Amino acid sequence: GQKTFYTDSSGLTVLGVSGNAWGDTLVANGTLRCDVPDALPPTASLRLGIDYAPGGTLNLNGNNQTCSRLYAGTTNAGTRTVTSPVPATLTVNQSANSAFDGRFTGAVNLLKLGAGNLTLTNATTTTTGSITVNEGTLTVANAYTFDDNTTNIVVGGTGTLTLETSSGISDNAVVSMPAAGVDTAKISLAAGVNETVGWLLYGEKVQRVGTYGSTASSAQHKDDTRFSGTGVLTVRRDDSGTVIMLK
């Protein structure tokens, strides 16, 4: 159905069965824990926070979940978190655009599917899991979105990773993109952006240190197949042992 499943009070709510049906999952103030895979209806949106209860935690508890849209339900200050104590994937398969200002912690993997744009405007995310965009767009809008724990960034399929800041990704991150002729994944770098990462891989091939970007950028390595915009991606390390030291 199109109704909302409310967990809008303090304390713990546990979903222990799959096959549920509702249109919107609201997590506010307390914790919603998923004890089985697909406890959340995959066609339902996922909303963290609401004006009268701005915080909220979704705990995957090691169980993969899918939602049709991820967004913050309020602009009021509150701690909005998606977490898991052991590896689990939250798949956001959305056709609409939305913004989420919450954090990903623990061992959560984030997988972006669908044609829509999911914009992350959050404070520091500390998950040890991977961040993957395979369809649509994942936009990193704020500085320090991903800290040094979050170092596995995958841009694959037809997905686009849009970087709007020069410090949204860890300087030690490994960014993986498809090999030549495989898929159409792209990194879009906004004007003035110079984002630093540890390694850049095309398929299994480690790329050389240096700057990467489109032909509209000042990058040393220009590639309109994998990059767009006028910003640049600085790669610090390669398999020859070369290291760019940052000041």
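Definitions and limits used
Residues numbered from 1 in each chain as written. Predicted model: local features only at pLDDT ≥ 70, side-chain atom pairs only at ≥ 80, totals over all residues. Heavy atoms only, no water. Core = buried A, V, L, I, M, F, W, Y, C linked by side-chain atoms within 4.5 Å. Buried < 20%, exposed > 50% of the residue type's maximum accessible area, 1.4 Å probe, protein only. Helix = DSSP H or I, 4+ residues; strand = E, 2+ residues; numbered from the N terminus. Contact = heavy atoms within 4.5 Å. Pairing = 2+ DSSP bridges.

J.: If you had to explain the nonpolar core to someone new, which residues and values would you point to?
T.: One finds L161 and I187 to be the most contacted residues of the largest nonpolar core, which totals 48 residues. If you tally residues by element for this core, the top one is strand β10 (residues 88-93), at three residues. Once you skip the residues sitting within four places of it in the chain, L161 turns out to touch V133, L138, V140, I153, V155, I169, K186, I187 and S188.

J.: Any details on the sheet that holds strand β6 (residues 56-59)? Residues and values, ideally.
T.: Across a sheet, paired strands are connected by hydrogen bonds in the backbone, their directions being either parallel or antiparallel. The strand order across the open sheet built from five strands is β2-β4-β6-β9-β12, with neighbouring strands paired in parallel fashion. In the strand order of this sheet, the two ends are held by β2 (12-15) and β12 (103-104), each with one partner. Relative to strand β4 (residues 31-34), β2 runs parallel, the two sharing four bridges. If you follow L12 over to β4, its bridge partner there is T31.

J.: I'd love a proper account of the sheet that holds β10, names of residues and values included.
T.: The mixed open sheet is built from eight strands, whose spatial order is β7-β10-β13-β15-β17-β19-β22-β23. The open sheet has two free edges, formed respectively by β7 (65-67) and β23 (205-206), since each of these has just one partner strand. In this sheet, strand β22 (residues 199-202) lies alongside strand β19 (residues 174-177) in parallel orientation, the contact comprising four bridges. If you follow V175 over to β22, its bridge partner there is L200.

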